[in-house]
Amino acid sequence: MEATMLNKEMIAKDINCKMSGLGRIIETDFLIDYVEGEIITIEREESWLIPGGHFIPENNYEYSYSFTCINELEGHKIDYTNEDEAWILGCEDCEHEQEVLIPAGAMYRVLNNSCHENQEDMGFDEIQLEFLGFKGEN
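All of these numbers come straight from a predicted model, not from anything done at the bench.

S.K.: Would you explain the pairing of strand S6 (residues 73–77) in this entry?
M.R.: Where strand S1 (residues 17–19) meets S6, three bridges bridge the pair, whose relative direction is antiparallel. If you follow lysine 18 over to S6, its bridge partner there is glutamate 74. Judged from the two bridges that link them, S6 and strand S7 (residues 99–102) form a sheet pairing that is antiparallel. Across the sheet, histidine 76 pairs through a bridge with leucine 101, a residue of S7.

Right, dumping it as C-alpha cells:
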C-alpha cells in the first residue's frame, strides 16, 4: 500500500463539522465593493474562526473586512492535539484561534453592501454571508 502525504487540501475536504456563526478576518491594501446578492466562490482553502476564537491577521494592510456566516458552514474543525495536522497547517500553539478549515469551492451569497465609511469610523467593514454549498455540487 502506498503512503499518502496529507496536505491542507486533503484536511479541508475531511468535513467533520457543521457550525453557524463562523467568522473570518482579512486585510487588503484596496477597498472591496461587496454588493448584496453577489455570489462569491472561494478558490482556495480558508480558515474561519469558531465563535470565541481569537485571530489577528499577520499582515498590516490598510483595509480590514470582518465576515460572518449566518448559517451552517461545513468544514474541518482543526484538531490542535493532532501534531501532524497542526504541523501541516502551520498552526502549532494556536489553540486560541479555534479554527475550521473550509475547502476550496465554497460559495457564499453576500447579504449586505460594503460600507467604506466603516473603514474610517470603525476601522473595518462588516460583511454577512450565507453559505450556499460547494462549487460543482447539485
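S.K.: What am I meant to see in the packing of aromatic side chains here?
M.R.: When we look at a pair of aromatic rings, we describe it by the centre distance and by the angle of the planes. Per the counting criterion, the structure on display carries five aromatic pairs. Between the aromatic rings of tyrosine 34 and tyrosine 65, the centroid separation amounts to 5.8 Å while the plane-to-plane angle is 75°, which identifies the pairing as edge-to-face. One end of the pair, tyrosine 34, is in the loop between strand S2 (23–28) and strand S3 (39–41); the other, tyrosine 65, is in strand S5 (residues 63–69), with 31 residues separating them in the sequence. Here the two residues tyrosine 34 and tyrosine 65 agree in accessibility, since each one is buried. Each ring, one from tyrosine 108 and one from phenylalanine 131, has its centre 6.0 Å from the other, and the planes form 55°; the classification is tilted. Residue tyrosine 108 is found in strand S8 (residues 106–110), and its partner phenylalanine 131 is found in strand S9 (residues 125–134); the two are separated by 23 residues along the sequence. For tyrosine 108, a relative accessible area of 1% puts it in the buried group. Given a relative accessible area of 8%, phenylalanine 131 falls into the buried group.

Quick notes on the rules
Note on numbering: residues in each chain are counted from 1, in written sequence order. With pLDDT at 70 or above as the cut-off, local features in this predicted model cover only qualifying residues; side-chain atom pairs require 80 or more to be listed or tallied, and sums for whole chains, interfaces and linings still use all residues. Excluded from the side-chain calculations are hydrogens and water; all other atoms, namely the structure's heavy atoms, are used. In this analysis, strands are considered paired if DSSP registers two or more bridges between them. Helix and strand labels come from DSSP, where a helix needs a run of H or I of at least four residues and a strand needs a run of E of at least two; each type is numbered from the N terminus. Two rings belonging to Phe, Tyr or Trp (six-membered ring only in the last case) form a pair when the distance between their centres is within 6.5 Å. Interplanar angles under 30 degrees mark stacking, angles over 60 mark edge-to-face geometry, and anything in between is tilted. Buried residues are those whose accessible area, probed at 1.4 Å on protein chains only, stays under 20% of the maximum for their type, while exposed residues exceed 50% and partly exposed ones sit between those limits.

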